[in-house]
Amino acid sequence: MEHLILPLVIFFPSIGALLLLLVPERQADTIRGVSLIVSFVTMLLSFAVYYWFDPVASGMQFELNQLWIASVGINFHLGIDGISLLLIVLTTILTVLCILSSWRSVTKGVKGFHISMLVLATGMIGVFCALDLFLFYIFWEVMLIPMYFIIGIWGGPRKIYAAIKFVLFTMIGSLLMLVALIYIYFEFHSLTGEYSFDLLQIMSMQVPYQAQLWLFAAFALAFAIKVPLFPFHTWLPDAHVEAPTAGSVILAGVLLKMGTYGFIRICMPLFPEATIAYLPYICILSIIAIIYGALVSMVQKDIKSLVAFSSVSHMGFVMLGLFALNQNGVEGSVMQMINHGVSTGALFLLVGMIYERRHTRMIADFGGLAKVMPAFSVFFMIVTLSSIGLPLTNGFVGEFLILLGAFKANVVYGIVAASGVILAACYMLWMYQRVVFGKVTNAQNEKLSDLSPREKLILVPIVVLIFWIGIYPKPFFERIEPAVKDVLTKINGARLSSADDGQDAAQMFIDESKEISTVVIDEGVTADE
Amino acid sequence: MVDYVSSLSIDFSLIYPEITLLLGASLILLSVFSRQLGALAPGIGVVTLVLALGFTAAQWGDQKAGFAGMVTCDDFGTMFKGIFTVASFLTLLIAHRYMKVRGIDKPEFYALILVSTVGMMVMANSTDLIVMFLGLEIMSIPLYVMAGFNRRSLESNESAIKYFIMGAFASAFLLMGIAFIFGAAETTNLRRIAADFSYIAGHFGVYLYAGIALIVVGFGFKVAAVPFHSWVPDVYQGAPTPVTAFFSVAPKAAGFAAMLRIFVYGMAGADALTELFWILAVLTMSVGNILALRQDNVKRMLAYSSISHAGYIIIALVVGGSDAVSAAIFYLVAYTLFNLGAFAIVTHLECRSGCKSDLPELSGLAGTNPYLSVALGLFMFALAGFPPTVGFFAKFYLFAAAVKAGFVSLVVIAVLNSFVSVYYYLRVVKACFFDSPSAKPLTPIRMVPSILIVVIVTAVGTLGLGFFPQRLLELSQAAIFAFL
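Conventions and cut-offs
- Numbering of residues starts from 1 in each chain and follows the order in which that chain's sequence is written.
- Chain A is the first chain written and ligand 1 is the first ligand written, with later ones labelled in order.
- Only residues with pLDDT of at least 70 get local features here, since the model is predicted, and only at 80 or more are side-chain atom pairs given and counted; chain-wide, interface and lining totals rely on the full set of residues.
- Counting from the N terminus, the helices are the DSSP runs of H or I reaching at least four residues and the strands are the DSSP runs of E reaching at least two.
- For this measure, only C-alpha atoms enter the radius of gyration; the expected value for a globule follows 2.2 Å times N^0.38, where N is the number of residues.
- Exposed residues have 12 or fewer other C-beta atoms within 10 Å of their own C-beta, buried residues have 20 or more, and partly exposed residues fall in between, where C-beta atoms are placed from the backbone.
- Contacts here follow a simple rule: the backbone-placed C-beta atoms of the two residues must lie within 7 Å.
- To estimate the expected span of a helix, subtract one from its residue number and multiply by 1.5 Å.
- At any given residue, the bend is defined as the angle formed between two axes, one fitted to the seven residues that end at that position and one fitted to the seven that begin there.
- Nonpolar residues are Ala, Val, Leu, Ile, Met, Phe, Trp, Tyr, Cys and Pro. Charged residues are Asp, Glu, Lys and Arg, and all others, Gly as well, are polar.
- Each nonpolar core reported here comprises buried Ala, Val, Leu, Ile, Met, Phe, Trp, Tyr and Cys residues connected via C-beta atoms within 7 Å.
- Angles shown run from 0 to 180 degrees and are taken between the N-to-C directions of axes, each axis being a line fitted to C-alpha atoms and, for helices, limited to the stretch in contact.
- When an angle is under 35 degrees it counts as roughly parallel; over 145 it counts as roughly antiparallel; between 65 and 115 it counts as roughly perpendicular; any other value is oblique.
- Helix crossings get a hand from a simple test, with the near helix turned counterclockwise from the far one by less than a right angle marking a left-handed crossing and a clockwise turn marking a right-handed one.
- One confidence number per residue, pLDDT, is output by the predictor and ranges from 0 to 100.
- For two strands to be treated as a pair, DSSP must find no fewer than two bridges joining them.

Draft legend 1. Looking closely at the overall build of chain B. For chain B, the count of helices and strands is 21 helices and two strands. Against the 2.2 N^0.38 benchmark of 23 Å for 484 residues, chain B shows a C-alpha radius of gyration of 21 Å, consistent with a compact globule. Here the C-alpha coordinates of chain B stretch approximately 70 × 55 × 40 Å along the principal axes. For chain B, buried positions account for 61% of its 484 residues. For chain B, restricting intrachain contacts to residue pairs at least 6 apart in sequence, the fraction spanning at least 24 positions comes to 80%.

In structure tokens:
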């Protein structure tokens, strides 16, 4: 059972999608019901994975390794560690919430919408489980197609432009990744005489430094577009704003994480020397993203695009934490991936709820919602505060660790990035104030109905998660820790060896790592004595 | 090694598939005299092709030569013969309804398809340049007629004349090239050229290379490589749609079969071939893709897309070696499947009166024909090379062969090209799914079993081989054995 649970979680939504094909288009509620049940069962399955997951063990768990395309050495290799585990659980929870949230807002092409959502779930969970680079690539691309349809068919006024832009941006990155992938495949062959795409096997190989620089660039481009890192972010506002609520939630909640996940799962362990060489550039781009995203958010008139740009800023934090390359920073940024999925997902859900009532998202059209929609305002408040990173909410835990890690790695980065937190408070609270507080200025807002039980049902689990992670994050950190340690050991090993070989990686790291290596050598000597 | 005694013998078992097809074609031509018998023509065609496929399958694994070393039977040729038969079979199924609707359902059409297939088989099978040329002509002349089969349509006539004049010109180039090579090598037999290649290249290099260049021009025309592609859009758009479908796969595959046999097996030692094909590949895929971007007619778009796909396959000629050959074969099989699938749907839509396959005519198709739109979308994603379709795996396998041989920059160019192609394939998907139906929609028509079979077979193949490419991969790896 244990090794079959992952394929079950991955393909259960797709089986559900096949089931949906049999339901006639007219029975919209049956379609919604079936798809809700399927996604709910998937969520329960992912909880089972969480329950059976051994928090202290390092390495991959629930591994399944099956020959797939034998003649080229492609395996159906699945397995998860703590990082993947949390992201899978996040994905399945958000999928359920998204299907619930689309109950009333998606009325045309209900069948197609739910089939797309379920296939999308398969693609996303698959990305987080794949341990074969070829398989990873397949899942990575597969989720593009349903997302393209979700934005293009059920999106807003400029949906077609947004959908095509989204696909083209993702494609250019992933195609270059494909070339890099094939290159590694033959590099591995020339070193070991074996054809394999297996991530764990390839990880044990030492890629030549010059090749690492190119390969890292190719993979990093694909992932950076997905994150999105600053100058590759231009697809994001369009896609987020035009997508239907469910699409935005999945985009912000899960798809962006696939980029950062790619960095931590593939780029960093496979190309440790290149990671160190590119580190300053990526850190600077992350910091630009933090500040730029925040400043642009501040001037948005549309709540949805404000949330979209705030994602650029938050994902900048995640990237900075990853590339701080120390336990605090990386753990914080993995945690922040989850937090951002929860908080920003919730913000998009809330925006969707008032959009359904008023058919506008302009901040100026609202004001005084606290009086007419008290429950909505409370939920909105909690989510806003968690997005800012108030202590006791989830956002604080992640951002604090990231900043701690950044300060340890480089004080300047830390200081500049910390200003992003202040800016976040500015744009979020200002927006909240204009939407919720004050007098009801617009007559149309006076008759708005407060949240329905269904909508409350969507938001309650999110609030629970916000406080759970904010107050007692230990179970999550426990599971992340061994995985993060594995990655960092690999990178620190590279720092040592790069100092030994005297390669011209970034000078500052050489100096730093020489100190470390002397320490290690000294220790070795004392141990011998 | 080479058993000349047996190779001199006249061994009809080498050409059973060809004989079957010719007999079938003759039967159809005889049936022209009676209206009742004429109605049987498609049936005869189908039966003949099935028989031919059976004979071809029976040849799998045989390695023989005969007819004074002019014809061989090897897995390389047999694989290609299989591709041609399947392509003709699917085309025949697509064509039947269309020809009826357009009032051009003449028995001769089916005979022409069969004869053209014979020509392709001869091309793939022969190890002699002259016999290859014969095959090319047997293939091409029926194609010229098929292009102009809708004789009341001005475009169809234009298409036929354009194709004929350009084709004749290309044949002349090819023949001239063969003559030069004969001058240098004193033989047209590829086996003997391959055996003495270094001697010939050393002593008569000028004639040899002039000959090679002319042969590349001749076959470049047939596979629609840039800069010999200018006939493609008009011919594809003007010809009856099922004929276009046939053009885009079968003669292309035949051209590649001949080129692979000549250049990868016969003249592997030639200098500058790599550079020549490198330029040809880059030009072909880039020009094809860039020109496809602005096409508003689906047939024209598919015409340019077929040029760019030829460009990808030329990569196999650049790389050479067994990996590249099996990748090219895999690619051609995959391309035949999804391209014919796309054309089947376009043909079905064109059975409506007044439909010219312009993009706006597709708008809102998902509302009226959801399953057909999903299938069309699937074929477009396959053409663009998205996983999990076989289109992705075909590209992956081809690019992998090139990276393995060290042609990383070529692969990067190819990958950027497939990026560009995503845009125009998605335009079709966009029209079907995102655009609202046009003001005066065309009258919907009923699906007929023959086209439905093609769509189902190709769709299942496109997806199924995408998930489980292992069998086809083994076949194409086995098919690299060419008996020279």
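Draft legend 2. Helix α12 (residues 241–266) of chain B, seen in detail. Residues and elements named next belong to chain B. The first and last C-alpha atoms of α12 sit 36 Å apart over 26 residues, in line with the 38 Å expected at 1.5 Å per residue. When the local axis directions of α12 are compared, the greatest deviation, roughly 35 degrees, occurs at Phe247, which is followed within four positions by the proline Pro251. Burial runs high along α12: 26 of the 26 residues are buried.

Draft legend 3. Spatial organisation of the interface of chain A and chain B. At the junction of the two partners, chain A supplies 23 residues and chain B supplies 25 residues. If you list the elements that add at least two residues to the side of chain A that touches chain B, you get α5 (133–142), α6 (144–154) and α7 (159–192) of chain A. Counting residues per element, the side of chain A that touches chain B draws most heavily on α7 of chain A, which supplies 13 residues. Here the residues of the side of chain A that touches chain B sort into 20 nonpolar, two polar and one charged.

Draft legend 4. Summary view of the nonpolar core. Membership of the largest hydrophobic core comes to 391 residues, with the highest contact counts inside it found for Phe219 and Leu320 of chain A together with Ile315, Ala328, Tyr331 and Leu398 of chain B. Of the residues forming this core, the biggest block, 20 residues, is contributed by helix α15 (residues 321–350) of chain B. Dropping the residues within four chain positions of it, Phe219 of chain A is found in contact with Met177, Ala180, Gly262, Ile266 and Cys267 of chain A.

Draft legend 5. Highlighting the environment of Tyr335 of chain B. Residue and element names in this part refer to chain B. Mapped onto the fold, Tyr335 is located in helix α15. Under the C-beta neighbour-count criterion, Tyr335 is labelled buried, with 25 such atoms within 10 Å. Sequence separation between Tyr335 and Met121 is 214 residues; the distance between their C-alpha atoms is 19 Å. In this view, Tyr335 contacts Val249, His309 and Ala394; residues no more than four positions away in its chain are not counted.

Draft legend 6. Examining the packing of helix α3 (residues 82–105) of chain A against helix α11 (residues 245–270) of chain A more closely. Residue and element names in this part refer to chain A. Axis separation between α3 and α11 bottoms out at 8 Å; the angle between their running directions is 165 degrees. Judged by the angle between their axes, α3 and α11 are roughly antiparallel. The chirality of how α3 crosses α11 is left-handed. Packed against α3, whose contacting residues are Ile83, Leu87, Leu90, Thr91, Leu94, Cys98, Ser101, Ser102 and Ser105, the element α11 presents Thr245, Ala246, Val249, Ile250, Gly253, Val254, Lys257, Tyr261 and Ile264 at the interface. Classifying every residue of the contact of α3 with α11 by side-chain character gives eleven nonpolar, six polar and one charged.

Draft legend 7. Broad picture of the packing of α15 of chain B against helix α21 (residues 470–478) of chain B. All names here are of chain B. Running from N to C, α15 and α21 cross one another at 130 degrees; their axes reach a closest spacing of 8 Å. Compared by their axis directions, α15 and α21 come out oblique. Helix-helix and strand crossings are classified by hand; for α15 and α21 the assignment is right-handed. Contact residues: Ser326, Ile329, Phe330 and Val333 in α15; Leu472, Leu473, Ser476 and Gln477 in α21. In terms of residue class, the contact of α15 with α21 is built from five nonpolar, three polar and no charged.

Draft legend 8. Summary view of the confidence of the model for chain A. Per-chain confidence: chain A averages 87 in pLDDT, with 94% of residues scoring 70 or above. For the stretch residues 502–529 of chain A, pLDDT sits under 50, and the model shows 27 contacts to residues farther than four places along the chain or on other chains.

Draft legend 9. Main features of unusual backbone geometry. In this chain, Val227 of chain A is followed by Pro228 of chain A through a cis amide linkage whose omega measures -15 degrees. Tracing the sequence through the fold places Pro228 of chain A in the loop between α9 (209–226) and α10 (235–242). Between Val226 of chain B and Pro227 of chain B the backbone carries a cis peptide bond, its omega angle lying at 10 degrees. Tracing the backbone shows Pro227 of chain B in the loop between α10 (197–222) and α11 (232–238). Positive phi outside glycine occurs at Phe67 of chain B, with the angle close to 55 degrees. Here Phe67 of chain B shows up in the loop between β1 (64–66) and β2 (71–73). According to the C-beta neighbour criterion, Phe67 of chain B is buried, with 20 such atoms within 10 Å.

Draft legend 10. Structural view of the pairing of strand β1 (residues 61–69) of chain A. Residues and elements named next belong to chain A. For β1 and strand β2 (residues 74–80), the ladder comprises six bridges, and the chain directions are antiparallel. Its bridge partner lying in β2, Leu64 is registered against Leu78. The loop that links β1 with its antiparallel partner β2 comprises four residues; one of these, Gly73, has a positive phi angle of about 70 degrees.

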